[in-house]
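Each chain, written out:
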Amino acid sequence: IIDNLFENVQQRLADMAGKEPERFNELLWTFFSSARKLLSAEKFHLYVGEGAEAFLRRAREQREVEVRQEEGYYGVILETVDGKIRCDYTVRSLLRSLRATREAEIRELLFENKE
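Residues numbered from 1 in each chain as written. Predicted model: local features only at pLDDT ≥ 70, side-chain atom pairs only at ≥ 80, totals over all residues. Heavy atoms only, no water.

### Observations regarding the side chain of E79
Applicable threshold: Helical segments are the DSSP runs of H or I of at least four residues, strand segments are the runs of E of at least two, and each set is numbered from the N terminus. For every residue, the accessible area (1.4 Å probe, protein chains only) is compared with the maximum for its type, and the residue is labelled buried under 20%, exposed over 50%, or partly exposed between those bounds. Pairs of N or O atoms are called polar contacts if they sit within 3.5 Å, as long as, within protein, a hydrogen donor faces a hydrogen acceptor (for residues adjacent in sequence, only side-chain-to-side-chain pairs).
Among the secondary structure elements, E79 is positioned in strand β3 (residues 75–80). For E79, a relative accessible area of 11% translates into the label buried. Side-chain polar atoms of E79 contact the side chain of R86, separated by 2.9 Å.

Shown next as structure tokens:
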């Protein structure tokens, strides 16, 4: 059940890119802004996944960012030019982190009255 829950969330976020592109691109900008706050470097590599056209236009306006679009994931990855520090804000990575930190709470919510 929990595996299905996380798969459904991941699919809904991926679907958002096509069904609600404005909302999805704002979500990407939020991820990007959070990652930039974590990195203290002056220049970055920004890897952007699918469904991010409006976000890409906005990101390319940033002088300190070198943009590289890639397929196969949804979200953004910000990396220092030397590759030493990487902030992975892809949907898959964020959900993996959420699951690792909150799975016990989710289990409790799903199964608390089923015993």
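### Brief notes about a nonpolar patch on the surface
Cut-off, in case you're wondering: Grouping into patches uses exposed residues only, defined as over 30% relative accessible area, and leaves out salt-bridged ones; the cut-off is 9 Å for like charges and 5 Å for nonpolar side chains (Val, Leu, Ile, Met, Phe, Trp, Tyr). Only the protein chains shown count as cover for residues, and all accessible areas are computed by the Shrake-Rupley method using a 1.4 Å probe. We define a salt bridge as a side-chain nitrogen of Lys or Arg found within 4 Å of a carboxyl oxygen belonging to Asp or Glu.
Together, I1, L5, V9 and L110 line one region of the surface with nonpolar side chains, adding up to about 320 Å² of accessible area. Mapped onto the fold, I1 is located in the segment before α1 (2–19). Exposure remark for I1: the relative accessible area of 67% places this residue in the exposed category.

### What to know about the pattern of salt bridges
Overall, the coordinates contain 9 salt bridges when judged by the stated rule. The partner of E20 in a salt bridge is R23, with the nearest N and O atoms 3.2 Å apart. Relative accessible area serves as the criterion here: at 34%, E20 is assigned to the partly exposed category. Among the salt bridges present, the one from E64 reaches R36, with a minimum N-O distance of 2.5 Å. One end of the pair, E64, is in the loop between α3 (53–60) and β2 (65–69); the other, R36, is in helix α2 (residues 21–38), and 28 residues separate them in sequence. A relative accessible area of 19% places E64 in the buried class. Members of the salt-bridge network, linked through shared partners, are D3, R99, E103 and R107.

### Notes on the nonpolar core
Note the threshold: What makes a nonpolar core is a set of buried Ala, Val, Leu, Ile, Met, Phe, Trp, Tyr and Cys residues whose side-chain atoms join them at distances within 4.5 Å. We call two residues contacting when some pair of their heavy atoms lies within 4.5 Å.
Grouped together as the largest cluster of nonpolar side chains are 22 residues, with contacts concentrated most on L46, V48, F55 and V76. Residue assignment for this core shows that the elements contributing at least two residues are α1, α2, β1 (44–48), α3, β2, β3 and β4 (86–90). If you tally residues by element for this core, the top one is α2, at 6 residues. Once residues lying within four places of it in the same chain are set aside, the contact partners of V48 are F55, L56, V67, R68, Q69, E70, Y73, G75 and V76.

### Topic: the sheet that holds β3
Rules: Pairs of strands are assigned from DSSP output, requiring at least two bridges between the strands. Under this scheme, a helix contributes an axis fitted over its contacting stretch, all axes are lines through C-alpha atoms, and angles between N-to-C directions fall in the 0 to 180 degree range.
Across the sheet, 4 strands lie side by side as β2-β1-β3-β4; this open sheet has mixed pairing. With one partner strand each, in any of the chains shown, β2 and β4 form the two edges of the open sheet. Here the average twist between neighbouring strands, direction ignored, is 15°. Relative to β3, β1 runs antiparallel, the two being bridged by 5 bridges. From the neighbouring strand, H45 faces β3, where its bridge partner is E79. Contacting β1, β2, β3 and β4, α2 crosses the sheet at an angle of about 20° to β3.

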